[in-house]
Amino acid sequence: MNADGAQIVVCPQGPLIVRGDFEILDAEGNAVPTSRETVALCRCGSSAIKPFCDGTHKLKKFEMPRG
């Protein structure tokens, strides 16, 4: 973990896993409520519970572009 106590793990073809002491803000800068110390954030754009992952990337066969 970094000095602030937060860690982000990029899951291949899946979500970002965020662990530790963090705060998630929406586009307007408002805090997104979460009661967990670990969350999965959607990268595919298809989740019904954005910004959190609901596993839809598996059904959509989500793939990150290689670059």
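Residues numbered from 1 in each chain as written. Predicted model: local features only at pLDDT ≥ 70, side-chain atom pairs only at ≥ 80, totals over all residues. Heavy atoms only, no water.

*Asks:* Please provide a residue-by-residue account of the overall build of the chain, values included.
*Replies:* A count of helices and strands for the chain gives one helix and three strands. Its helices and strands taken in sequence order, the chain reads β-β-β-α from the N to the C terminus. Seen through its principal axes, the chain has C-alpha atoms that stretch 35 × 25 × 20 Å. Taking all contacts inside the chain whose residues are at least 6 apart in sequence as the whole, residues at least 24 apart take part in 23%. Accessible area of the chain: about 5,000 Å², with a carbon and sulfur share of 52%. Looking at charge distribution, the chain has the averaged site of its 8 positive side-chain charges lying 15 Å from that of its 8 negative ones. (Helix = DSSP H or I, 4+ residues; strand = E, 2+ residues; numbered from the N terminus. Contact = heavy atoms within 4.5 Å. Areas by Shrake-Rupley, 256 points an atom, 1.4 Å probe, with all protein chains shown as cover. Lys, Arg positive; Asp, Glu negative; His and termini not counted. Charge placed at Lys NZ, Arg CZ, Asp CG, Glu CD.)

*Asks:* With reference to specific residues and values, describe the UniProt feature "domain: Iron-binding zinc finger CDGSH type" (unreviewed entry) in the chain.
*Replies:* This chain's UniProt record puts "domain: Iron-binding zinc finger CDGSH type" (unreviewed entry) on residues 21–63. Between the first and last C-alpha atoms of residues 21–63 the distance is 29 Å; the span itself is 12% helix and 9% strand. (UniProt positions renumbered as here; feature names shortened; annotations may be inferred.)

*Asks:* Which residues make up unusual backbone geometry, and what are the values?
*Replies:* Here the amide bond leading from lysine 50 into proline 51 is cis, since omega sits at 10°, within 30 degrees of zero. Secondary-structure assignment places proline 51 in the loop between strand S3 (38–41) and helix H1 (56–60). Here the phi dihedral of glutamine 13 falls at roughly 55°; this positive angle occurs in a residue that is not glycine. Here glutamine 13 is to be found in the loop between strand S1 (6–10) and strand S2 (16–20). Note on glutamine 13: relative accessible area 30%, which makes it partly exposed. (Buried < 20%, exposed > 50% of the residue type's maximum accessible area, 1.4 Å probe, protein only.)

*Asks:* Tell me what's going on with the sheet that holds S2, and back it up with residues and numbers.
*Replies:* Whether parallel or antiparallel, the strands of a sheet pair through hydrogen bonds between backbone atoms. Spatially, the three strands line up as an open sheet ordered S1-S2-S3, and their pairing is antiparallel. Among the strands making up the open sheet, the edge pair consists of S1 and S3. Taken over all neighbouring pairs, the strand axes of this sheet differ in orientation by 20° on average, direction set aside. Pairing analysis gives five bridges linking S1 to S2, with the strands arranged antiparallel. Each bridged residue has a counterpart across the sheet, and for isoleucine 8 the counterpart in S2 is valine 18. (Pairing = 2+ DSSP bridges. Axes fitted to C-alpha atoms, helices over the stretch in contact; angles between N-to-C directions.)

*Asks:* Quick one: what's the story with the nonpolar core, residue by residue and with numbers?
*Replies:* Within the largest apolar cluster, eight residues are counted, these being Ala6, Val18, Phe22, Ile24, Val32, Val39, Leu41 and Phe52. The residues touching leucine 41, leaving out its near neighbours within four places in the chain, are Pro15, Leu16, Val18, Ile24, Pro51, Phe52 and Cys53. (Core = buried A, V, L, I, M, F, W, Y, C linked by side-chain atoms within 4.5 Å.)

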